[in-house]
Amino acid sequence: MTAPTPRDITGRTRVTGVVGWPIAHSISPAMHNAAFAALGLDWCYLPFAVPPERLPDAIAGVRALGLAGVNVTVPHKQALLPLMDELTPAAATIGAGNTVIVCDGRLVGHNTDAEGFLRALREAGCDPAGVPALVLGAGGAARAVVYALLGAGARVTVLNRDAARAAALVRALDAGHAHALRAGALDLATLRERAPGARLVVNATSLGMWPHVEGSPWPAALPFPADAMAYDLVYNPRETAFMRQARAAGAAAAGGLGMLVHQGAEALER
Ligand code: NAP
């Protein structure tokens, strides 16, 4: 059996989708419908454009309409949590969810970004165990990345334009990792001091994302450490300015498409 086209959806087809605002740019429907086809599942995946004020209605609808589950993306990842009956430990600790699974009528909130990031990082050739890492950014994606890196045994410094936000992230995630997690400001002086010891630098800011493709959190005045790997969460464009800076210094670099695919695969598996 192949995944249904709109003409052969039946009463037995399981419906899933992605809730976001806006959603027209999302590649998730193409990705998941292709996966359903490849797996021979009678499932379909739809885009749902839901403004913030309608999120509670939309999530209630997931249960009421008998959907198998949904992915949830920007700007709803944090607002989702109080609408869940139950959270996985990752979603609760990260403070954000990106997947809702309906389990015996209960809504369970998951976060697959952390696991997706780890799988993509390892696939790109970096095992973070024991590695000194710099995470640039302290938003929702950075929280998932830091959670994943700490769980995998990395030592992490979080640097953010708003240093107070980096400090808040550390306070939220440092339980049990007291000597492995630090915070600071994302500025030239701090990077100059921290860069030489880093073996992994993750761009978890939105700098460099289309259409502002020349943006990068790495200062032009500072050479990228040649023995560190650059991982950019930004996946559009495929090669970012941050990745080019790293490659120009002789360092390895990978973009965020791998994480996007793996977090989607993880959601699909669940
Ligand atoms: P977010 O919560 O809005 O956080 C944005 C981050 O970018 C904050 O740390 C912010 O710093 C920083 N930032 C924004 N403009 C900046 C500037 N001009 N200079 C310095 N820092 C700036 O966003 P998010 O959800 O964490 O997403 C971050 C990025 O990750 C996005 O590009 C998103 O597409 C990507 N992402 C990719 C995947 C994937 O699967 N590959 C998954 C999730 C997210 P302040 O706190 O100082 O404002």
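Just so we're clear, the structure is a prediction, and the values are computed from it rather than from any experiment.

**Topic: the sheet that holds strand β4 (residues 86-87)**
Right, so step 1: Spatially, six strands are ordered β2-β1-β3-β5-β6-β4 in an open sheet, and the strand pairing comes out mixed. The sheet terminates laterally at β2 (43-49) and β4, the two strands that pair on one side only.
Right, so step 2: For strand β5 (residues 99-103) and strand β6 (residues 106-110), the ladder comprises five bridges, and the chain directions are antiparallel. Residue pairing in the sheet places C103 in a bridge with R106 of β6.
Right, so step 3: Of the strands in this sheet, β1 (14-20), β2 and β3 (69-72) are in contact with helix α1 (residues 28-39), which crosses β2 at around 170°.

**Re the site of the ligand**
Right, so step 1: Taken together, the neighbourhood of the ligand is formed by 21 residues, with A141, N160, R161, R165 and G256 sitting nearest.
Right, so step 2: Contacts to the ligand include D162, whose backbone N or O atom sits 3.0 Å from an oxygen atom.
Right, so step 3: Against a free-state accessible area of 920 Å², the protein chains account for coverage of 77% of the ligand.
Right, so step 4: Those elements that place two or more of their residues in the shell around the ligand are α5 (140-151) and α9 (257-269).
Right, so step 5: For the shell around the ligand, the residue count by class is 10 nonpolar, seven polar and four charged.

**A word on the packing of aromatic side chains**
Right, so step 1: Evaluation of the coordinates by the stated rule reveals four aromatic pairs.
Right, so step 2: Ring geometry for W218 versus F224: centroids 5.0 Å apart, planes at 55°, classification tilted. Per residue, the accessibility class of W218 equals that of F224, and both read buried.
Right, so step 3: Ring-pair connections join several aromatic residues into one group, and the members of that group are W218, F224 and F242.

Analysis parameters
- Positions within a chain are numbered from 1, following the residues in the order the chain's sequence is written.
- Per-residue local features are limited, in this predicted model, to residues with pLDDT of at least 70; the limit for side-chain atom pairs, both in listing and counting, is 80 or more; totals at the level of whole chains, interfaces and linings are taken over all residues.
- With hydrogens and water stripped out, all remaining heavy atoms of the structure feed into the side-chain values.
- Any two strands with at least two DSSP-identified bridges between them are counted as paired.
- We count a stretch as a helix when DSSP gives it H or I for four or more residues in a row; a strand needs E for two or more, and each element gets its number in order from the N terminus.
- For this analysis, residues touch if any pair of their heavy atoms sits within 4.5 Å.
- Note on definitions: angles span 0 to 180 degrees between N-to-C directions of axes, and those axes are lines fitted to C-alpha atoms, for helices only across the stretch in contact.
- Here a residue is near a molecule or strand as soon as one of its heavy atoms is found within 4 Å of it.
- N or O atoms within 3.5 Å of each other form a polar contact, as long as, within protein, one can give a hydrogen and the other can take it, and as long as residues adjacent in sequence are counted only when both atoms are side-chain atoms.
- Exposure was quantified through the Shrake-Rupley algorithm and a 1.4 Å probe, taking into account, for residues, occlusion by the shown protein chains and nothing else.
- Note on residue categories: nonpolar means Ala, Val, Leu, Ile, Met, Phe, Trp, Tyr, Cys or Pro, charged means Asp, Glu, Lys or Arg, and polar means any other residue, Gly included.
- Here is the rule: rings of Phe, Tyr and Trp (six-membered ring for Trp) pair when centre to centre is within 6.5 Å. Planes less than 30 degrees apart are stacked, more than 60 are edge-to-face, and the remainder are tilted.
- For the exposure calls, accessible area comes from a 1.4 Å probe over protein chains only, and a residue counts as buried if that area is under 20% of its type's maximum, exposed if over 50%, partly exposed in between.

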